[in-house]
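Topology and contacts: notes
Residues per chain, in single letters:
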Amino acid sequence: MPPIGVLAPAVGGVFLLSGLIARLPALAVLVAAVGVATAAPTARLLRLAAARHTRHGPGRGAGLLGLGALTGALTALTLPFVVPADRPYAALGGLLASATAYVLGLLRLPGTAPAPAGRLRHALDGTGVAVCLFFAGWLLVPADVGGRPVAGCALLVACGAVAISVLAPLRTDRYRRPAVLCGTGAGLGVVGLAGLTAVLAAGAPEPALFAVALPLVGAPTLAWTGARQVAATSPVGTTDAPGAFAGYLLLPVPLGLVAAVVAYHAIVVGGFDVTAVALGAAFCGALAVRETVAAIDIRRYAHRLASREAHFRSLVVGSSDVTVVVDPELVVRWQSPTAARQFGLSDQDVVGRTVVDLVHPDDAAAVTERLHAVLAGEPVAAGRPVLVEARLRDGFGQWRDTESTVSDQRATPEVGALVVHVRDVGERKQLERTLHGLAFTDQLTGLPNRRDLLRSVATLRGVPGRTGAVLVLDLDGVTGAGAGRGRAASDAVPIEAANRLRAGIGPDDVAARLAGNEFAVVTPDRPIEAYGLGMRLLAALARPYELPGVTVHLSPAIGLAEVTRQESVEEILYRADAACRRAGQLGSGRVEWYDASLEAQLLRRGTLEQSLPGAAGRGELDLLYQPIMDLSDGRPVGVEALLRWRHPSLGTVLPAELVPVAEQLGVIGEVGTWVVDTACRQLAAWRRDGLGVWVSINVSARQLATHDLLAGLMSAVNGYGVPADRLTVEIAEPAVGTDLSTVVTQLAGLRALGVRTAVDHFGAGQTSLAYLRRLPVDLLKIDSALFVEPAGRSGHAGPGPTAPLIDVVVSLGRRLGMEIVAEGLEQEPQLELVRGAGCRYGQGYLFGRPAPAEHVEAYLENYRAP
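Residues numbered from 1 in each chain as written. Predicted model: local features only at pLDDT ≥ 70, side-chain atom pairs only at ≥ 80, totals over all residues. Heavy atoms only, no water.

1. Remarks on the overall build of the protein
Helix and strand counts for the protein stand at 31 helices and 21 strands. For the protein, the proportion of its 866 residues judged to be buried stands at 46%. A sequence separation of at least 24 residues applies to 66% of the contacts in the protein between residues at least 6 apart. With the model as given, the accessible surface of the protein reaches about 41300 Å², and the carbon-plus-sulfur share is 59%. (Helix = DSSP H or I, 4+ residues; strand = E, 2+ residues; numbered from the N terminus. Buried < 20%, exposed > 50% of the residue type's maximum accessible area, 1.4 Å probe, protein only. Contact = heavy atoms within 4.5 Å. Areas by Shrake-Rupley, 256 points an atom, 1.4 Å probe, with all protein chains shown as cover.)

Here it is in structure tokens:
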């Protein structure tokens, strides 16, 4: 209670006690005590009413309570100025005004009577209780006291006001404690004024005034304290309707009292006077009116309940959701009629069965766990519905995708179970599956796409202690496979490649398509098993693809990267892609693991790709020449032009690294043109100096297949005036088997121009000896592999077990009209071996290393004929 709430009644009480002890005039002491005790609380009540509050504040109720306190105080203050004979009537008037203000203030407090009908019920209940109490008092109080009209009216008003002061706070649905304080203050104020009126009317001695004044001292303080707590307290709970029947809990007490008093009076006294009969009739009338109002309320409330029930039933029946009531044992106790319309399920199919019996076996465990979590009141289920997804068997035996919200209504006495709202989400699930297919599936092959592959890698990477690998596969040749054959033929190769991937991977592996000719596989296997998987997939993808009217050959390359938790998903995929690119650069049909050195190799390759275009124009290309000797007399008869690229930062780049880059960038024609032009210009210069040697140049298979090669050769030969037969075009043996028919055609065209042709490094590849019959070549340059044993077998390089093969090759070449050139001669024993086998020409470090043109020219001058 605030300090003013203790101080004001304490000071008023001190005044009363002081007046009683000092035997001061009673009315003077009463005026002083009431004025001191009521001034501050009354003023604060009126200020609280004037302040602006929310709709939950005390508002007008506090103002009326303050008005009642003010009226009571003014009544006490004016009594000394009234004629003694009229003082009872003045006190009665003040009592009526103050009681009316108090009663209206209580009925206007929040939560006591929110509607006029509720206030009317409180008033009728108070009137009924007041008549009961007054009737009982009239029969019990002696006639000489009961016959005084002023005292009787005061008692009747006091009974009614006190009854309402008790009933109204006890029936409130919120602010009950503050409302009880307000009711207590109002009741004390009315009782004090009623006692003052009765004392004055009965002519009681002055000390009686001090007794009846005590309630007046504390009444305003209690009323203000309660109103202040109403203003400071948040509303608790809500009200559905005014408490129409709460009065029946209190009415039996006065009714029983009246019945007992009437029985006592009938037995003891034996008769009833007119006033008693009138009071009894008033009591019966008040009770009849109360019952009539209650009957009307009951009828209205029943109609409201029926309307709400019909409203909610229409909502339940018309809703597309099925409402199911499940008891704590997970047994269905009730289902809404919507179940028959939505799922074809009757009550016989559902009611009395457990939830586990109704859902799919694969979903039963999850559903049971979620429902038990709700029953256990876990935090995930507290305060909000729980979402459960499961497949439900409908009345036709089909499984339907459903989504259910579960709310715990066990605390509601009318329900006492779990309420489950089930809805059919089959269309939504189908749409989700469709969208998932569009978002995570390659539409052409049906394989997962890049996004889904990243999810698979992330899942594998997130498993502690689990290893794995990512394989990126590139199929060179897919783009041109269906050229000129339509879109269906172009799509047939990726589809067939996807089918081979599905057939070649394990059950735990995931294959995906990254782009047009790029695929990937995620496997949980260890590195060795992953490499074996890559080799198997390489063999499967390299097999010919039989399309309508054509057979397509692809060149697959595979890169592998290990899945680790240290690198991100994108980094792992990047590493596998980098390894794949490196495998493609090194040649088709390779599987490469990613390692730290791969980054440097890729960086070097990228630098070469950026620098090679325009290298000829910048003067970075160079030709070295290596002499070819006649083994019969040991004199040079020709030279082989060997290409070198003097890179400004990487140094000398050999043809084995330069040519693949040039072919990939499409500048192989530019490089080849420069080689032909430079070689012919040097050949012309040597012929002018009287050096009669021929010059051999090397061409790649892709360069040989171009139509510009023949024209470029003829232009250079004619432009520098050199005989065509002094120019030799060499093609390496591994390039012969790529497209034999094209090689034969182009070589035949060169021979028709007078240019000699040669097969280089014969014996280092897989070319069959039978191919030699079809190849229009003049020179056969045999590789040192046919007559040199590898150093790893005997500790030194030299003639070995393969030496007899040279006799077969030389014999076959000479029968086909080819001159034989032995390459890679480094030792005298090798020279004796090839000379004995019948080789006419020889080339190697034994005779001279590749050197610039001026050095070779000096070398040739040593052998110039006199």
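Picking up where we left off.
2. Considerations on helix α25 (residues 708–720)
For an α-helix, 3.6 residues make a turn, and residues three or four places apart therefore share a direction. If you check α25, its first and last C-alpha atoms are 18 Å apart, about what 13 residues at 1.5 Å a residue would give, namely 18 Å. For α25, every residue scored as buried is listed here: Leu709, Leu713, Ala716 and Val717. Buried residues of α25, viewed axially, fall in a sector of 95°; they line one side. Of the exposed residues in α25, those oriented more than 90 degrees away from the buried face are Asp708, Ala711, Ser715, Asn718 and Gly719. On its buried face, α25 is in contact with α23 (668–688), β16 (694–699), α24 (701–704), β17 (727–732) and α27 (740–752). Looking one or two places after α25, you find Gly721, whose phi comes out positive at around 70°. (Expected span 1.5 Å × (residues − 1). Arc of directions from axis to C-beta.)

3. Overview of the nonpolar core
Counting 77 residues, the largest nonpolar core has Leu621, Trp686, Ile697, Leu775, Leu780, Ile782 and Cys839 as the members making the most contacts within it. Look past the residues within four positions of Leu775 in its chain and what remains in contact with it is Val736, Leu740, Val743, Val744, Leu747, Val759 and Met818. (Core = buried A, V, L, I, M, F, W, Y, C linked by side-chain atoms within 4.5 Å.)

4. Overview of the packing of aromatic side chains
Evaluation of the coordinates by the stated rule reveals three aromatic pairs. Each ring, one from Tyr625 and one from Trp686, has its centre 5.2 Å from the other, and the planes form 70°; the classification is edge-to-face. Taken together, the residues span a long stretch of sequence, with Tyr625 in strand β13 (residues 621–630) and Trp686 in helix α23 at a distance of 61 residues. With centroids separated by 5.3 Å and ring planes inclined at 55°, the aromatic side chains of Tyr859 and Tyr863 adopt a geometry described as tilted. Seen from the ring of Tyr845, Arg849 lies directly overhead, with NZ or CZ sitting 3.9 Å from the centre. (Phe/Tyr/Trp six-rings, centres within 6.5 Å; stacked < 30°, edge-to-face > 60°. Lys NZ or Arg CZ within 6 Å of the ring centre and 35° of its normal.)

5. Looking at the sheet that holds strand β12 (residues 590–593)
The strand order across the open sheet built from five strands is β7-β8-β6-β11-β12, with neighbouring strands paired in mixed fashion. Edge positions in the sheet fall to β7 (510–513) and β12, since each of these pairs with one other strand and no more. Along the sheet, successive strands turn relative to each other by an average axial angle of 20°, direction set aside. Across four bridges, strand β11 (residues 555–562) lies against β12 in parallel orientation. When the bridges of β12 are listed, Ile558 appears paired with Val591. Across the face of the sheet, helix α17 (residues 450–461) comes into contact with β6 (469–476), β7 and β8 (518–523) while running at roughly 20° to β8. (Pairing = 2+ DSSP bridges. Axes fitted to C-alpha atoms, helices over the stretch in contact; angles between N-to-C directions.)

6. Here we look at the pairing of β17
Burial analysis of β17 places five of its six residues in the buried class, which makes it a mostly covered element. The pairing of β17 with strand β18 (residues 756–762) spans five bridges and is parallel. Bridge pairing in β18 links Ile731 to Val759.

7. So, the pattern of salt bridges
As a working rule, side chains carrying opposite charge can pair if their charged atoms are close by. Within the structure shown, the criterion is met by 34 salt bridges. Each of Asp321, Glu389, Glu403, Arg423, Arg428, Lys429 and Glu432 takes part in one network of salt bridges that share partners. (Salt bridge = Lys/Arg side-chain N within 4 Å of Asp/Glu carboxyl O.)

8. Quick look at the confidence of the model for the protein
For the protein, per-residue confidence averages 77 on the pLDDT scale, and residues scoring 70 or more make up 74% of the total. For residues 234–249, every residue scores under 50 in pLDDT, and the model assigns this stretch 31 contacts once sequence neighbours within four places are set aside. Counted against residues more than four places away or in other chains, residues 791–797, with its pLDDT under 50, gives ten contacts. (pLDDT = per-residue confidence, 0-100.)

9. Quick look at the side chain of Asp760
Of note, Asp760 is situated in strand β18. One buried charged residue, Asp760, forms no salt bridge at all, with the nearest opposite charge on Lys781 at 4.4 Å. At 3.4 Å, the side chain of Asp760 and the side chain of His761 are in polar contact. Excluding residues within four positions of it along the chain, Asp760 makes contact with Glu640, Asn698, Glu730, Ile731, Ala732, Glu733, Lys781 and Glu823. (Lys, Arg positive; Asp, Glu negative; His and termini not counted. Polar contact = N/O pair within 3.5 Å; in protein donor to acceptor, adjacent residues only side chain to side chain.)

10. A few points about the sheet that holds strand β3 (residues 386–393)
The strand order across the open sheet formed by five strands is β2-β1-β5-β4-β3, and the pairing between neighbours is antiparallel. Unpaired on one side and paired on the other, β2 (332–335) and β3 mark the two borders of the sheet. With direction set aside, neighbouring strand axes in the sheet form an average angle of 30°. Relative to β2, strand β1 (residues 322–326) runs antiparallel, the two sharing three bridges.

11. Comments concerning unusual backbone geometry
The backbone phi angle of Leu330 is positive, close to 65°, even though this residue is not glycine. Mapped onto the fold, Leu330 is located in the loop between β1 and β2. Phi is positive for His761, which is not a glycine, with a value near 60°. Within the element layout of this structure, His761 appears in strand β18. Looking at His761, the relative accessible area reads 33%, which means it is partly exposed.

12. Section: helix α10 (residues 252–268)
Under the 1.5 Å per step criterion, the end-to-end length of α10 is 24 Å for 17 residues, consistent within 8% with the ideal 24 Å. Residues of α10 that are buried include every one of Pro254, Val258, Val261 and His265, and no others. Buried residues of α10 fall within an arc of 70° about the axis and therefore sit on the same side. Facing away from the buried side of α10 by over 90 degrees, the exposed positions are Val253 and Ile267. Of the residues flanking the end of α10, it is Gly270, one or two places downstream, whose phi is positive at about 100°.

13. With respect to a nonpolar patch on the surface
Nonpolar side chains collect at one region of the surface, where Leu140, Tyr264, Ile267, Val268 and Val269 lie side by side and expose about 540 Å² of accessible area between them. Among the elements that make up the nonpolar patch, the one with the highest residue count is α10 (three residues). (Patch = residues over 30% accessible without salt bridge, like charges linked within 9 Å, V, L, I, M, F, W, Y side chains within 5 Å.)

14. Considerations on the environment of Gly712
Along the chain, Gly712 turns up in helix α25. The spacing of Gly712 and Val676 is 36 residues in sequence and 7.7 Å in space, taken between C-alpha atoms.

15. Description of the packing of helix α20 (residues 569–586) against helix α21 (residues 596–611)
It is at 10 Å that the axes of α20 and α21 come closest, and there the two elements cross at 60°. Relative to α21, the element α20 is oriented oblique. Where α20 crosses over α21, the two elements pack in a sense that is left-handed. In this structure, α20 contributes Tyr574, Ala578, Ala579, Arg581, Arg582 and Gln585 to the contact, and α21 contributes Leu598, Glu599, Gln601, Leu602, Arg605 and Glu609. Residue classes in the contact of α20 with α21 are distributed as five nonpolar, two polar and five charged. (Parallel < 35°, antiparallel > 145°, perpendicular 65-115°, else oblique. Left-handed = near helix turned anticlockwise from the far one by under 90°. Nonpolar A, V, L, I, M, F, W, Y, C, P; charged D, E, K, R; others polar.)

16. Section: the environment of Gly651
With respect to the helices and strands, the residue Gly651 is situated in strand β15 (residues 651–653). Those residues in contact with Gly651 that lie beyond four places of it in its chain are Trp645 and Arg646.

17. Thoughts on the side chain of Arg582
Mapping Arg582 onto the fold places it in helix α20. We note that Arg582 is buried and unpaired, the nearest opposite charge coming from Glu657 at a distance of 6.1 Å. In this structure, Arg582 is in contact with Leu598, Gln601 and Leu602, ignoring residues within four places of it in sequence.

18. Some words on the packing of α17 against α20
Where α17 meets α20, the axes come as close as 9 Å, and the angle between the chain directions of the two elements is 110°. One finds that α17 runs roughly perpendicular with respect to α20. Where α17 crosses over α20, the handedness of that crossing is right-handed. Judged by residue contacts, Arg450, Leu453, Leu454, Val457, Ala458 and Arg461 of α17 engage Val569, Glu570, Ile572 and Leu573 from α20.

19. Some points on the pairing of β3
Alternating positions in β3 separate cleanly, Val386, Val388, Ala390 and Leu392 being buried on one face and Leu387, Glu389, Arg391 and Arg393 remaining unburied on the opposite face. Count of turn residues in the β3/strand β4 (residues 399–408) antiparallel hairpin: five residues, of which Gly397 carries a positive phi of about 85°.

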